[in-house]
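In case you want the letters, here they are:
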Amino acid sequence: MSYNGDGVFPAVCPLDCPDTCGLLVHKQNGKIIKVEGNPGHPVTKGAICNKVRHMAERVHHPERLLQPLRRTGPKGSGSFTPISWEEAIGEISGRFKELSAAYGPESILPYSFYGNMGVLSVDGMDRRFFNALGASRLEQSICSAAGSAGWKYTMGFNGGTSPEDTVNADLIIVWGGNIVSTNMHQVVYAEQARKRGAKVVVIDVHRNRTAQWADWFLPLYPGTDTALALGLMHILFRDGMTDDAFLKRYTTGHEELRGHVLAYPPERVAEITGIAAADIEKLAKLYGEAKVSHIHIGNGLQHHDNGGMNVRTIACLPALTGAWLKTGGGAIKSNGGYSSTNDRALTRPDLRPNRRTRTINMNRIGEALELKEQPVMGMFVYCCNPVVVAPDAERVRKGFAREDLFTVVHDLFMTDTALYADIVLPATSTLENVDLYGSYWHHYMQLQEPVLDAPGECKSNMEVFSLLGRAMGFDAEAFSESEYDMIRKALDYPRNPYLNGVTLERLTAERFVKLDMSPQADYLDNLPTPSGKIELYSKAMELAGLPPLPTYTPLKEGYDGERRPQPGTAYPLMFVSPPNHNFLNSTFSNVEKHQRMEKRPTLQIHPEDAAVRGIEEGDELTVYNGRGAIELWAMVTDKMLPGTVISQGLWWEGKGHKQRVNVLTPDRLSDMGNGATFFSATVEVKRRGEAKSNGESVGFK
């Protein structure tokens, strides 16, 4: 159904955020006048962030695309002319047929991520289309792949502690996550725990909003998280603070680990991480003596060369103390496994004519667009803005600027990527669609039905790929199913017992339905690791050529306390680019209200590093390395250790101002999971006009 007329209507936040909030949308004269949280939602309970509170600014933005466009000028010039949907579908299907005939269907590459977290928007008809076409596969590993691989090597299942239970913890460690800005309802639960006497500790490279809120903040050098976790293990074993009965029953490799961590005494770990040995001892004692300890593993620490090992090592800690047996104890990395749906029914891999189609990693899109053999000749971009979001962004931009690359972009706005498209298609917002939403944090499935009529000629991903599938002559039945048919099939998934009782009928009537969490009671007895136990020693990792025990490996591009930059080093500062408070990746960064709240793109630089370079507060800076250069404003602060510089948020390219931070980030892949290594970058900084990027190789790739 759709909600016609004025009133207050239920909705779901579609953003790539753990909270997946229940919303209430107020409409008047066909437009949103207010967005608020739904107080009836059992987890989010009416509280929402500013990003979503101002959703109307995005949905009714004056620059929304309203009709299909064809490029008429050079790529990147912004010269387009309107065309009809019939012309657009005809041209896209015709060009895809031509490219398939001339170069093979693998010359066409879809590029998407989770700009909209709806199951149908990113894991449905689109996947069917590219399967039937036989296009190259996209490995979507830009966000959480490294950490997910590290967690699964240890725990097997992509799920951990239930959020509601964390109110029972007496120690909460937030490790590498700015949850005040990115998971606000976990903050609510932590506050409830704190009122009961819990302590909140934040471990991060940056004193962000979460660190400022915490009881204790421990700053460390980027990428040294594994060393810190091993130092804690050393003390836990040394001082008899381990639960040996738990280790014997539920783990493998604890004796090997006990001997292994002797190499990580607190004094050595202090040298590596920049955290004082006394503080490492204090943290280990807090953790070892806590009655119910909980670790929230954030996203940031996995975006390193050693990101998978960072998460894998931290995931071992709850096993040492037996924290998993306590309600609210253990850890959360992602709870997405609980809400997994029937992927095969949605995406129809059986439609693919060639099961051995190549896979291209989305982090290496710049490299892929330079291929001479089996070149990428066509792209379809949706739910993503790779010219801003992908690493080594200048290389990416040059790839999209190829005149022989036929590119389609389906989006709400003329993004930095859309400027390089041949055909631009106007997309609906989530409030104009039917879609199904799970959460990678809480345990509720939610249904979104249209609250607004689609403006102009905007169409959903579902509709666009249905039209294209029929235009290409693909299986008519597969490309004619309704949204409700596909949702019903997605939920029909006996392999996931947590979906028991979650049906389209219940969702239509109730809007949000809790997963059946009863199987969680046997969580530790049914871990899908090779041994069926928590693997402190992983033979699977050994077979993959990885250290089977948690092991600290320094960054390929970066420094720690043992490996400081030598005099004359070209790029002596470690560059980290975490999210800011008012954008979500590049979403909202074109909304004026959000820009005003963030003010301008800045580089946070330590007073010691600023003094050496003659930099003062507010100076215009050039930040550069061998990949490129950007221009930011100086914020001189001690929010991080000397030698580390921070720039928060993904800003679109400014008018005459280079501010896409991913120009500086590498497209290397992480140690496991083929994930991104955004935060393993080094740079130099000078006042603007005093420096330039010479484009020479930095020696890291």
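Residues numbered from 1 in each chain as written. Predicted model: local features only at pLDDT ≥ 70, side-chain atom pairs only at ≥ 80, totals over all residues. Heavy atoms only, no water.

Mind laying out the packing of aromatic side chains, listing which residues take part and the relevant values?
For the coordinates displayed, the defined rule picks out 22 aromatic pairs. Here the aromatic rings of F157 and Y498 are separated by 6.1 Å at their centres, their planes lie at 25 degrees, and the arrangement is stacked. In this pair, F157 sits in the loop between α6 (145-155) and β8 (171-175) while Y498 sits in the loop between α21 (483-491) and α22 (504-510), placing the two residues 341 residues apart along the sequence. Comparing F157 with Y498 shows no difference in burial state: the two are buried. Seen from their ring centres, F380 and F465 are 4.9 Å apart, and the 45 degrees between their planes marks the pair as tilted. Of this pair, F380 sits in strand β15 (residues 378-382) while F465 sits in helix α20 (residues 461-471), and the two are 85 residues apart along the sequence. The same class applies to F380 and to F465, which are both buried. Taken together through their ring pairs, the aromatic side chains of F96, F129, F130, F380, Y382, F406, F465, F474 and F479 make up a single cluster. Between the NZ or CZ atom of K282 and the centre of the ring of W216, over which it lies, the distance is 4.3 Å. Here the guanidinium or amino end of R564 rests over the ring plane of Y221, the centre of that ring lying 4.6 Å away. (Phe/Tyr/Trp six-rings, centres within 6.5 Å; stacked < 30°, edge-to-face > 60°. Helix = DSSP H or I, 4+ residues; strand = E, 2+ residues; numbered from the N terminus. Buried < 20%, exposed > 50% of the residue type's maximum accessible area, 1.4 Å probe, protein only. Lys NZ or Arg CZ within 6 Å of the ring centre and 35° of its normal.)

Any details on empty space enclosed by the protein? Residues and values, ideally.
All chains considered together, the criterion is met by three cavities of 30 Å³ or more. Size it by volume and the largest cavity reaches roughly 50 Å³. Contributing to the lining of the largest cavity are P10, A11, V12, G22, L23, N38, Q446, L447, R511 and F512. Those elements that place two or more of their residues in the lining of the largest cavity are β1 (7-12), β2 (22-28) and β19 (444-448). Looking at the lining of the largest cavity residue by residue, the class counts come to six nonpolar, three polar and one charged. (1 Å grid on protein atoms, 1.4 Å probe; cavity = no way out; pocket = protein on both sides within 12 Å on 5 of 7 lines; lining within 4 Å. Points joined across faces, edges and corners; volume = space filled by probe spheres on them. Nonpolar A, V, L, I, M, F, W, Y, C, P; charged D, E, K, R; others polar.)

A description of the pairing of β8 should follow, citing residues and the corresponding values.
Judged by how many residues are buried, β8 sits mostly within the fold: five of five residues are covered. Burial along β8 is two-sided: L171, I173 and W175 facing one way and I172 and V174 facing the other are all buried. Sheet analysis places β8 next to strand β9 (residues 199-204), joined by five bridges and oriented parallel. Looking across to β9, one finds that W175 is bridged to I203. The pairing of β8 with strand β12 (residues 293-297) spans five bridges and is parallel. Pairing of I172 across the sheet is with H294, part of β12. (Pairing = 2+ DSSP bridges.)

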